[in-house]
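Each chain, written out:
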Amino acid sequence: MADQVTVFAPASMGNVAVGYDVLGGAIDGLGDRVTVRRLDTPTVRVGSITGRAPDLPTAPADNTASVALRSLRDAVGLDDGFEVSIEKGIPLGSGLGGSAASAVGAVVAGAALLPTSWSPADLLPHALAGEAVASGDLHPDNVAPCLFGGLVLTREMTPPDVVPIPVPSDVRCVLIRPNRVLHTQDARACLPDTVPLSKSVRQTAHLGAFVAGCYRDDLALIGRALRDLIVEPHRAALIPGFADVQDAALSHDALGCSLSGAGPTLFAWCTGPDHAERVRDAMIGAFTQHDVSAEAWISPIPSEGARITNLSPSDSQSP
């Protein structure tokens, strides 16, 4: 059995406009690399943190990866411990599931060091426990797609019931991240405690139609349904130029455009790579008009979630 495992955990877009806190999709190419090493002492500790967010907390109680590992360790009743090191590829406060990726990568790597096999559903509660350190509660919309891959809807967390949703092969997701940081807890603080029944009914109809469009490979139906009536109106003011960037995407025939998770990243679903490039350029141009620099990615919705990239003996077992 190996003593050290490295896992690539992909970025993700939470909510996908129509499914607040229950729907999410994985992103191809962008993610964190998380390495977990087995220790012969009963502790969980944070090793090195590098990459795009080197200032993450290193106290075990404050780091999403170490909290997730501790949850896994306690569930197993393990006498040994873990050390976790993180290479952050996902910017913090971006709405791209950075805290979820660290937690997911940690539990996938930690489970690979245990003698028994673990399914994604087995690992979900432990990854959620870690991600809650950053978001303040148990939210599966980033954790589930990072762990399971693809576009998924979490119907229930106890016991886990994660439903994969097929994505039409032509769909490409454009992601535009303005040079801003928006923490999930701050973005949640601006949301109302109650929603009018009529608005909830309309949003439920959009979610149902969106899922139906995905199963039927009906891009037109997806385009009619991909609208956020509940969360987006409250969070849009937190992103400079939001309305113009969204209009730029929709005027270039994007199927839909909204916030990725809590933001400030915006996503737009498009039909093919050429269309996605045109939408990307229009969205970046709209941000530029507001003197906001931005970076962009174009991605399919990959079927694969967090995965092992390296499994090897460690150099030492020092406490």
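Quick summary incoming for the structure in this document.

1. Considering the nonpolar core
Val-16, Val-84, Leu-151, Phe-210, Phe-267 and Trp-269 are the most contacted members of the largest nonpolar core, which has 69 residues in total. With 24 residues, the next largest nonpolar core counts Phe-242, Ala-249, Leu-266 and Ala-286 among its residues.

2. Remarks on the sheet that holds strand β7 (residues 171-178)
Overall, antiparallel pairing links the four strands, which are arranged β8-β9-β7-β10 in an open sheet. Each end of this open sheet is capped by a strand with a single partner; those strands are β8 (256-259) and β10 (294-299). On average, each strand axis in the sheet is tilted by 20 degrees relative to the strand beside it, whichever way the strands run. Bridge analysis of β7 against β10 gives six bridges, and the strand direction is antiparallel.

3. Points about the packing of helix α2 (residues 98-112) against helix α3 (residues 120-135)
Direction vectors running N to C along α2 and α3 enclose 145 degrees, while the axes themselves pass 8 Å from each other. Considering only the axes of α2 and α3, their crossing is right-handed. Between α2, through Ser-99, Ala-100, Ala-103, Val-104, Val-107, Val-108 and Ala-111, and α3, the contact on the second element is made entirely by Leu-123, His-126, Ala-127, Gly-130, Glu-131 and Ala-134. Per-class residue counts for the contact of α2 with α3 are nine nonpolar, three polar and one charged.

What counts and what doesn't
Residues numbered from 1 in each chain as written. Predicted model: local features only at pLDDT ≥ 70, side-chain atom pairs only at ≥ 80, totals over all residues. Heavy atoms only, no water. Core = buried A, V, L, I, M, F, W, Y, C linked by side-chain atoms within 4.5 Å. Buried < 20%, exposed > 50% of the residue type's maximum accessible area, 1.4 Å probe, protein only. Pairing = 2+ DSSP bridges. Helix = DSSP H or I, 4+ residues; strand = E, 2+ residues; numbered from the N terminus. Axes fitted to C-alpha atoms, helices over the stretch in contact; angles between N-to-C directions. Left-handed = near helix turned anticlockwise from the far one by under 90°. Contact = heavy atoms within 4.5 Å. Nonpolar A, V, L, I, M, F, W, Y, C, P; charged D, E, K, R; others polar.

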